[in-house]
Amino acid sequence: MSRRTLRKLINVLALTLSGLATAIGLFFLGAILWTLVHKGLAGLSPRLFTAMTPPPGGSGGLLNAIYGSAVMTAIGILIGGPIGMLAGTYLAEYGRTARISAVIRFVNDVLLSAPSIIIGLFVYEVLVVPMGHFSALAGAVALAIIAMPVTVRTTEDMLNLVPQGMKDASTAMGAYHWRTIMSVIYPAARSGIVTGLLLAVARISGETAPLLFTALNDQFWSGNLAAPMANLPVVIFQFALSPYPNWQQLAWSGALIITASILLLSIAARFVVSSLNPGGRR
Amino acid sequence: MNTVSAIDPRHAAQQRLRERVFQAATLIAALLVLLLLGGVACALLIGAWPAFAHFKLSFLTREIWNPVTEQFGALAPVYGTLVTSFLALLLAIPLSFGIAIFLTELAPVWLKRPVGVAIELLAAVPSIIYGIWGLFVLSPVLQRHVQPWLIEVLGPLPGIGRLFQGPPFGIGVLTASFVLAIMVIPFISAVMRDVFETVPDVLKESAYGLGATTWEVIWQVVVPYARTGMIGGIMLGLGRALGETMAVTFVIGNAHRISSSLLAPGTTISASIANEFTEAVGDLYTSSLIALGALLFLITFSVIAAARFMLLRLERKALSSV
């Protein structure tokens, strides 16, 4: 075999393997989604959205868990989102070149990939212990802490994409910096910031570990933020590991609901970006 | 001069005040990020203090974990965390490398985006979904088809045979590593793809011009150029694998012991905390679990910080070469 054939052979082999790797990756995505649809659809019925979580063996739905998840995710993003946006604004505008900004960016990146169970422990120490009991509020704060670094990062990136000329034009009209930010920069970066918020919601709505010992769980309807509250991820965790078939079925249906909404959110976020900045960033 | 007198001094003062308030608000929000990381570190240390003070260094070196006699040692969970993450990377790195190559060098343009998005969606799936999928779908398959084969074929071998002993439980260290690998593939391949895209086309075209094959361009031009970024991406994946909770908790078996066999159940730091924290009675038990959390924080913090530092250096390099 000539050296040339050998090189070609190695080339074909390596490229085939890389195609194979991609196929394996896609296979697992397909396998997970197939399992979810297959097992989740079996229990999908209107009762799922109208009834409370049942005792073992009884029939019921996931209403209180869906409500609790929605409430905690909403409060989480309402706390974490604005703080993250303000911090991102500081990094992109006021403190762009400040030395402390480099430190903040670095720390934010670390927080971005910090294990979420650590955040749960932190909130347990800071909120649950002083309050004396688990609460929906503590769960929401834990989610806010996870949402914040995501928003900081996307806001800064998006504000940096706004052309300098637009900012200069506003400044030249005599506008103060805050006026420029509010009336020129934020509107120009709106789609990017919205995308960041959507991704943050997608990220926190499936988080389980930080809720385990902050919001805990509740078998019944609870609108009280100072008390434990049911939420989808923890219900899925407890029901999936239980020996009761009706609980396991609910866990699969809950898993389908949560994954479908998160994937839809992530895809929607992509469309917001590509429809408003054609040819822009991914 | 008319324009100057047209400015209402009260209006100007109001504008200045708002400017100051807004600027202060953004600064405070930014400082909150720093405060948060400091707060997390302090809270963990304070919470872990009773355990560290009681067990001293033996907390790190003992395998025992007995809530009844209140004897706690972190060795088994720390070992489990490191071993599962290491095995997960061993499986995930070649696959992620292949995916990144496929996406940057091989895929036709029409295929690039859909496949890229599909791999990224794999990253958006919540970890608890990986957990139940691993428990109900993957582990029965491994138990019935893969593990008996491993025990039969690799078990009798000297050396590595010790890793494949015992009955096929289905759940255990190997299964956990497998699920973790599937979880970190999208993270590592996304970073690798991004750093491969920073390689200047001129470099690749020069190599092609000299008659190199696609693989030779990748191995001898793209990889050396992108090495720092690739390592950064791998370490980011490692950080994720080390701290991952739900996916592991379902399939690791939660057994506080160190077993030489990869098929045996084990535990990781995050799985121990998730499984036991709400049921822990007694201050020493709770404190020991928080101490585990502090160890995890220390390990992941160093890994993530090193990864970010490497990617940061690469970013500067890319900026200066433009």
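In this text the structure is predicted, and so the values were computed from the model without any measurement.

Caption draft 1: Local environment of the overall build of chain A. Across its full length, chain A carries 12 helices and zero strands. Along chain A, from the amino end to the carboxyl end, the secondary structure elements read α-α-α-α-α-α-α-α-α-α-α-α. Dimensions of chain A, computed from the C-alpha atoms along their principal axes, are close to 70 × 70 × 35 Å. Of all 282 residues assigned to chain A, the portion counted as buried reaches 52%. Of all intrachain contacts in chain A linking residues separated by at least 6 positions in sequence, the fraction that spans at least 24 positions is 73%. Surface accessibility of chain A: about 12,000 Å² in total, with carbon and sulfur atoms responsible for 70%.

Caption draft 2: Here's a closer look at the nonpolar core. Residue and element names in this part refer to chain B. The biggest cluster of nonpolar side chains holds 176 residues, and the ones touching the most others in it are Phe97, Tyr130 and Phe196. The leading source of residues in this core is helix α12 (residues 283-321), at 15 residues. For phenylalanine 196, the residues in contact, after removing those within four places along its chain, are Phe97, Ala100, Ile101, Thr104, Val222, Ala226 and Met230. Judged by nonpolar contacts, the second largest core, of nine residues, contains Leu87, Leu150, Leu154 and Phe164.

Caption draft 3: Fine view of the packing of helix α5 (residues 109-124) of chain B against helix α7 (residues 173-197) of chain B. Residue and element names in this part refer to chain B. Where α5 meets α7, the axes come as close as 8 Å, and the angle between the chain directions of the two elements is 135°. In this view, α5 runs oblique relative to α7, as classed from their interaxial angle. The handedness of the crossing between α5 and α7 is left-handed. From α5, Gly116, Ile119, Glu120, Leu122 and Ala123 reach across to α7, where they touch Ile182, Pro186, Phe187, Ser189 and Arg193. Residues of the contact of α5 with α7, tallied by class, amount to six nonpolar, two polar and two charged.

Caption draft 4: Geometry of helix α11 (residues 232-240) of chain A. In terms of burial, α11(A) is a largely internal element, eight of the nine residues being buried. Buried within α11(A) are the following residues: A:Leu232, A:Pro233, A:Val234, A:Val235, A:Ile236, A:Phe237, A:Phe239 and A:Ala240.

Caption draft 5: Highlighting the confidence of the model for chain B. Of the residues in chain B, 96% reach a pLDDT of 70 or more, and the chain-wide mean stands at 84. For this predicted complex, the interface confidence score (ipTM) comes to 0.84, while the overall pTM stands at 0.86.

Caption draft 6: Examining the interface of chain A and chain B more closely. Between chain A and chain B, the residue contacts involve 79 residues of the former and 83 residues of the latter. Around 7,300 Å² of area is buried between chain A and chain B when both sides are counted, 79% of it from carbon and sulfur atoms. Linking chain A to chain B there are one salt bridge. Among the ionic pairs, A:Arg7 bridges to B:Glu216, the shortest N-O distance being 2.7 Å. A per-element tally of the side of chain A that touches chain B places helix α1 (residues 3-41) of chain A first, with 18 residues. Taken together, the residues of the side of chain A that touches chain B sort by class into 56 nonpolar, 16 polar and seven charged.

Caption draft 7: Summary view of the side chain of A:Ser101. Assignment of secondary structure puts A:Ser101 in helix α4 (residues 99-112). If sequence neighbours within four positions are ignored, A:Ser101 has contacts with A:Tyr90, A:Leu91, A:Gly95 and A:Arg96.

Caption draft 8: Just the environment of B:Gly116, in detail. For B:Gly116, the position within the fold is in helix α5. Sequence-wise, B:Gly116 and B:Phe102 are 14 residues apart; in three dimensions their C-alpha atoms are separated by 9.8 Å.

Caption draft 9: Looking closely at the packing of helix α8 (residues 177-188) of chain A against helix α2 (residues 9-55) of chain B. Between α8(A) and α2(B), the shortest axis-to-axis distance is 7 Å and the interhelical angle comes to 70°. Between α8(A) and α2(B), the angle is such that the two are roughly perpendicular. Within the contact between the two elements, α8(A) uses A:His177, A:Trp178, A:Ile181, A:Met182 and A:Tyr186 and α2(B) uses B:Gln15, B:Arg18, B:Glu19 and B:Phe22.

Caption draft 10: Quick look at the pattern of salt bridges. Residues and elements named next belong to chain A. Using the criterion set out here, one finds 10 salt bridges over all chains in the structure. A salt bridge links aspartate 157 to arginine 153; its shortest N-O distance comes to 3.7 Å. Of the two residues, aspartate 157 and arginine 153 both sit in helix α6 (residues 136-161), four residues apart, roughly one turn of that helix. Several salt bridges converge on common partners, so that one network encompasses Asp109, Arg153 and Asp157.

Caption draft 11: Structural context of the side chain of B:Thr286. As for its placement among the helices and strands, B:Thr286 is situated in helix α12. Classification of B:Thr286 by relative accessible area gives buried; the value is 17%. Setting aside residues no more than four positions away along its own chain, B:Thr286 makes contact with A:Tyr124, B:Phe277 and B:Ala280.

Caption draft 12: Representation of the packing of aromatic side chains within the structure. Counted by the stated rule, this structure contains 19 aromatic pairs over all chains. Ring geometry for A:Phe28 and B:Phe178: centres 6.5 Å apart, planes at 80°, overall edge-to-face. With A:Phe28 in helix α1 and B:Phe178 in helix α7, the pair connects residues from two separate chains. Exposure remark for A:Phe28: the relative accessible area of 12% places this residue in the buried category. Take B:Phe178: its relative accessible area is 26%, and that puts it in the partly exposed class. A ring pair is formed by A:Tyr124 and B:Phe277, whose centres lie 4.6 Å apart and whose planes are at 85°; its orientation type is edge-to-face. Within this pair, whereas A:Tyr124 is found in helix α5 (residues 116-131), its partner B:Phe277 is found in the loop between α11 (269-276) and α12, the two belonging to separate chains. There is no split in this pair, since A:Tyr124 and B:Phe277 are both buried. Aromatic rings pair up to connect A:Phe27, A:Phe28, B:Trp133 and B:Phe178 into one cluster.

Caption draft 13: Region of interest: the environment of B:Ala176. Within the fold, B:Ala176 resides in helix α7. With 87 residues separating them in the primary sequence, B:Ala176 and B:Leu263 have C-alpha atoms 10.0 Å apart.

Caption draft 14: Spotlight on the environment of A:Gly206. One can find A:Gly206 in the loop between α9 (190-205) and α10 (209-212). Residue A:Gly206 is classed as buried on the basis of its relative accessible area, which comes to 6%. A sequence separation of 199 residues divides A:Gly206 from A:Arg7, and the C-alpha atoms of the two residues are 47 Å apart. Look past the residues within four positions of A:Gly206 in its chain and what remains in contact with it is A:Pro233, A:Ile258, A:Ile262, B:Pro126 and B:Ile128.

Criteria and cut-off values
Residues numbered from 1 in each chain as written. Chains lettered and ligands numbered in written order. Predicted model: local features only at pLDDT ≥ 70, side-chain atom pairs only at ≥ 80, totals over all residues. Heavy atoms only, no water. Helix = DSSP H or I, 4+ residues; strand = E, 2+ residues; numbered from the N terminus. Buried < 20%, exposed > 50% of the residue type's maximum accessible area, 1.4 Å probe, protein only. Contact = heavy atoms within 4.5 Å. Areas by Shrake-Rupley, 256 points an atom, 1.4 Å probe, with all protein chains shown as cover. Core = buried A, V, L, I, M, F, W, Y, C linked by side-chain atoms within 4.5 Å. Axes fitted to C-alpha atoms, helices over the stretch in contact; angles between N-to-C directions. Parallel < 35°, antiparallel > 145°, perpendicular 65-115°, else oblique. Left-handed = near helix turned anticlockwise from the far one by under 90°. Nonpolar A, V, L, I, M, F, W, Y, C, P; charged D, E, K, R; others polar. pLDDT = per-residue confidence, 0-100. Buried area = accessible area lost by both parts, 1.4 Å probe. Salt bridge = Lys/Arg side-chain N within 4 Å of Asp/Glu carboxyl O. Phe/Tyr/Trp six-rings, centres within 6.5 Å; stacked < 30°, edge-to-face > 60°.

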